[in-house]
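Architecture and fold: a report
Each chain, written out:
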Amino acid sequence: MAVKRKIIKERVPTPEMPAEERIKSFAEVNLGYTFELAVKEAERCLQCPYNYAPCIKGCPVHIDIPGFISKLVQYRDDPDKAVKEALNVIWACNSLPATTGRVCPQEDQCEMNCVMGRVGDKINIGKLERFVADYAREKGIDEELLFEIIPKIEKKGQSVAIIGAGPAGLTAAGELAKLGYDVTIYEALHEAGGVLMYGIPEFRLPKSIVESEIDKLRKLGVKILTDHIVGKTVTIEELLQEYDAVFIGSGAGTPRLINAPGINLNGIYTANEFLTRVNLMKAYLFPEYDTPVKVGKKVVVIGAGNTAMDAARSARRFGAEVTIAYRRGPEDVSARVEEVHHAKEEGIKFEFYINPVEFIGDENGKIKAVKFEKMKALDERDSRGKRKIVGTGEYVTLEADTVIIAIGKHPNRLIVNTPGLKVERGKIVVDENLMTSIPGVFAGGDAIRGEATVILAMGDGRMAAKAIHEYLTKKREEKENA
Amino acid sequence: MSYKILEKKEIAMRNIWYRIHAPHVAKKVQPGQFVIVRAFKNGERIPLTPVMWDRDEGWIVLITFIRGRTTMRMASELKEGDELLNVAGPLGNPAEMEKFGKVLAIGAYTGIVEVYPIARAWQELGNDVTTLHVTFEPMVVLKDELEEAVGRHVLETVPIDPNLDFPTNMKNVTKRLTEKVRELLEKEEYDMVFMVGPAGDQRAVFNVVKEFGIPMKSDLHPIMVDGTGMCGACRVTVGGEVKFACIDGPEFDAYQVNWDELIARSGYYTDMEQRAMQEYMKALQGGEQ
Ligand SMILES: Cc1cc2nc3c(=O)[nH]c(=O)nc-3n(C[C@H](O)[C@H](O)[C@H](O)COP(=O)(O)OP(=O)(O)OC[C@H]3O[C@@H](n4cnc5c(N)ncnc54)[C@H](O)[C@@H]3O)c2cc1C
Ligand SMILES: Cc1cc2nc3c(=O)[nH]c(=O)nc-3n(C[C@H](O)[C@H](O)[C@H](O)COP(=O)(O)OP(=O)(O)OC[C@H]3O[C@@H](n4cnc5c(N)ncnc54)[C@H](O)[C@@H]3O)c2cc1C
Ligand code: SF4
Ligand code: FES
């Protein structure tokens, strides 16, 4: 289908709220495409053939990217149809496009490979994906599609328990429900969504969007039991007696702390606590909401991943002066490019090559400054390809009345302590089918990877659903033949 | 899931009893564990302790001391038949169940309600348990229940002096508490002391117990958010190591706890809590609720 296309080098930009305005609220920063703008951007896509399209190869769940983009152009005269067709293509691989369109590191995945990059700007795949999902939700098109799918589901008469309602668990649940299994999710918190709900802030991923994605799962028949902590309320052993298979998507929820004096001073938050207070408990609306949070005038955030950016930008919205302190250099920052860019626009300062060695408090046990050792990079690289760093023996002190530690997380200990469950360095060990050392128990997402990404967690959820389907089909057949 | 309030009553001044339908907790809970409750849509998650339960009927009893906005709102806005939004749990580790011998189990204020299930289980296990409850005169709870459950229940009350402010009144409770502990330890030989109550009172009691060299366990109550080991709000230093009270505790060796740090951390939000309470009282008086 080699249609000759005109090459439009420049990306159609998405409108954004200006930085001065957005640091005053938690409203969403990026405003997304309109249909007209989306079509304009879609037209730039060269429609590389499916077997070749490098964007598809770069996508961890292999969405047919040119496939969905082409629908927007093909049905440009009928926006509803265009979106419905596009969504249908996306849903074949990804059930949470409103989320991934917003939070995936596209620049390292699909967009990194886009051939348009050789002649101009790469296609804005993430924002197109987001557009399709948002438009579909606003117009009820996603429900329409869903109700076309539901009657075709053939009940299997087998059941699966899912532990954790993060992207991994939600995806596995959705896929299994579509295959006809009875699915129940056990979620520790009072709300489903995992990091999408308690970690990623409203200004990047509005909670109403996550809720609507979860609503769809409920419509597919998925049961969600909140307030149920597996390992406490119910054990995996007990789940295995009640269900035919179990999927663990419990994430990497345990915050890592810095082993330095003063870590428990008041005013030092883990990013998880800070973001949970702000996002899940809506502390930015205190006292209308009951949960408090204290953000001082000078905030230091330690770390430079997505979590650090989210914490820093949230703190900025409380009116604080915010500095991100990172022990490595700018090239090692792991946060999404868009977030780093937004953070800088919002006036957040970056200090590189400094590593905290002591937290200094006042007489009331409250943080007032952080002492850092200055670091330097060597030419040698570590196993992750990052340049090794060493201390210089020189120190610098930054004043701070709030400190947020965002240096990473470990998998949830309550799950990892399950007898018979093989775990290495805190991560659950799985085979190539994502089955754990306990037969019938599968796992995916951050629980097996440590900290990863939403789309990788979703990819695991899909793959596990497929493996569980095979496992349960065999079980069913064995029973029938016996 | 519905967490219906099957029964609600004021059992003493500022002490409210709630019997709640929560079969998933009732089925599993052990003495020493807690739940996280969220009562309102714009509410906080707060830890509370199941005091009694019925595994077959699927209910638990929670007793709250009205301290701040959440416990106040629960007392004034919730009626029998209403539902709590969330009851998550059981969380934390069960209390150690062993034959310790002669045990002194202390509860300051409403802390005694958390002592009750543990003391009762210890007594049933063959320990000789003395419970000590020190509180203000109108705040006595579970007296009959404790007298029935353990070897000896000692109740010490302090009158509320209307001429003194509340902190000074509380100091009187602390004083009586430490005097009474000293008296009991001087008279008889105990193998172990256990306590639940405000961190300041726990430290004061620990300082007495330490002089006698008796092992002491403390149930610690740092501020919590999730209660599942996810947020790190509840961290305490125990034996020089950072522990999370919700998943490593809530019970710890009193000799190893960094009390000063715990006390400082427990008071971090006091100003904001007071503000929230004042605004709530204003709204109540203005008849807006
Ligand atoms: C602040 C922050 C920002 C991020 N930003 C991005 C981003 O921009 N892009 C991106 O791709 N990734 C981002 N990530 C990473 C991404 O969110 C995670 O990789 C992803 O959420 C992992 O999904 P999961 O389903 O494995 O686990 P989670 O999302 O962690 O969900 C696990 C769920 O399991 C529940 N659970 C845990 N233990 C139990 C138990 N014992 N019983 C019952 N339930 C339990 C938890 O409460 C939680 O709801 C970010 C992470 C954070 C913290
Ligand atoms: C494991 C555990 C078990 C508990 N069991 C009981 C119980 O059975 N009955 C009972 O009355 N109380 C219990 N508490 C204490 C109870 O959680 C607090 O009284 C309650 O959170 C106060 O909320 P508030 O909004 O009414 O008061 P606030 O005005 O918010 O606070 C008053 C004081 O309560 C404490 N507190 C506040 N928020 C929290 C929180 N999220 N976590 C822990 N402490 C907090 C602080 O010391 C604070 O200064 C328990 C606490 C823990 C940690
Ligand atoms: S690589 Fe780029 S141009 Fe080619 S199909 Fe994918 S998005 Fe379109
Ligand atoms: S309350 Fe969050 S880790 Fe313990």
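All of the points below concern the structure found in this document.

Analysis parameters
- Residues numbered from 1 in each chain as written.
- Chains lettered and ligands numbered in written order.
- Predicted model: local features only at pLDDT ≥ 70, side-chain atom pairs only at ≥ 80, totals over all residues.
- Heavy atoms only, no water.
- Near = heavy atom within 4 Å.
- Nonpolar A, V, L, I, M, F, W, Y, C, P; charged D, E, K, R; others polar.
- Contact = heavy atoms within 4.5 Å.
- Salt bridge = Lys/Arg side-chain N within 4 Å of Asp/Glu carboxyl O.
- Polar contact = N/O pair within 3.5 Å; in protein donor to acceptor, adjacent residues only side chain to side chain.
- Helix = DSSP H or I, 4+ residues; strand = E, 2+ residues; numbered from the N terminus.
- Pairing = 2+ DSSP bridges.
- Axes fitted to C-alpha atoms, helices over the stretch in contact; angles between N-to-C directions.
- Expected span 1.5 Å × (residues − 1).
- Buried < 20%, exposed > 50% of the residue type's maximum accessible area, 1.4 Å probe, protein only.

Right, let's talk about the site of ligand 3 for a bit. In the vicinity of ligand 3, the contacting residues are Cys45(A), Leu46(A), Cys48(A), Pro54(A), Cys55(A), Pro66(A), Cys114(A), Val115(A), Ile123(A) and Ile125(A). Here the shell around ligand 3 is composed, by residue class, of ten nonpolar, no polar and no charged.

As a further point, take the interface of chain A and chain B. Between chain A and chain B, the contact holds 45 residues from the first and 49 residues from the second. Run the count over chain A and chain B and you get five salt bridges. Here Lys28(B) ties to Glu238(A) by a salt bridge, and the two come within 2.6 Å at their closest N and O atoms. At the junction of chain A and chain B, the tally comes to 27 residue pairs in polar contact (both at pLDDT 80 or more). At the level of secondary structure, the elements contributing two or more residues to the side of chain A that touches chain B comprise β5 (254-255), β6 (268-270), α14 (271-280) and α17 (413-416) of chain A. At four residues, α14(A) tops the list of elements feeding residues into the side of chain A that touches chain B. Taken together, the residues that form the side of chain A that touches chain B break down as 19 nonpolar, 16 polar and ten charged.

Turning next to the sheet that holds β6(A). All names here are of chain A. With parallel pairing, the five strands of this open sheet are ordered in space as β6-β13-β7-β8-β9. The strands lining the two open edges of the sheet, one partner per strand, are β6 and β9 (349-351). Strand-to-strand twist in this sheet, taken as the mean axis angle between neighbours without regard to direction, amounts to 25°. In terms of strand pairing, strand β7 (residues 298-302) meets strand β8 (residues 321-325) through five bridges, oriented parallel. Paired with Ile302 across the bridge in β8 is Ala325.

Residues and elements named next belong to chain B. Pairing geometry for strand β3 (residues 34-38) and strand β4 (residues 45-48), over four bridges, is antiparallel. Bridging across to β4, Ile36 finds its partner in Pro47. Following β3, the chain reverses through six residues before pairing antiparallel with β4.

Residues and elements named next belong to chain B. Over its 22 residues, helix α5 (residues 166-187) runs 32 Å from end to end, which matches the ideal 32 Å to within 8%, given 1.5 Å per residue. Among all positions in α5, only Asn169, Val173, Leu177, Thr178, Lys180, Val181, Leu184 and Leu185 are buried. On its buried face, α5 sits against β9 (102-108), β10 (128-136), β11 (152-158), β12 (192-196) and α6 (199-212).

All quantities given are derived from atomic positions and should not be read as evidence of function.
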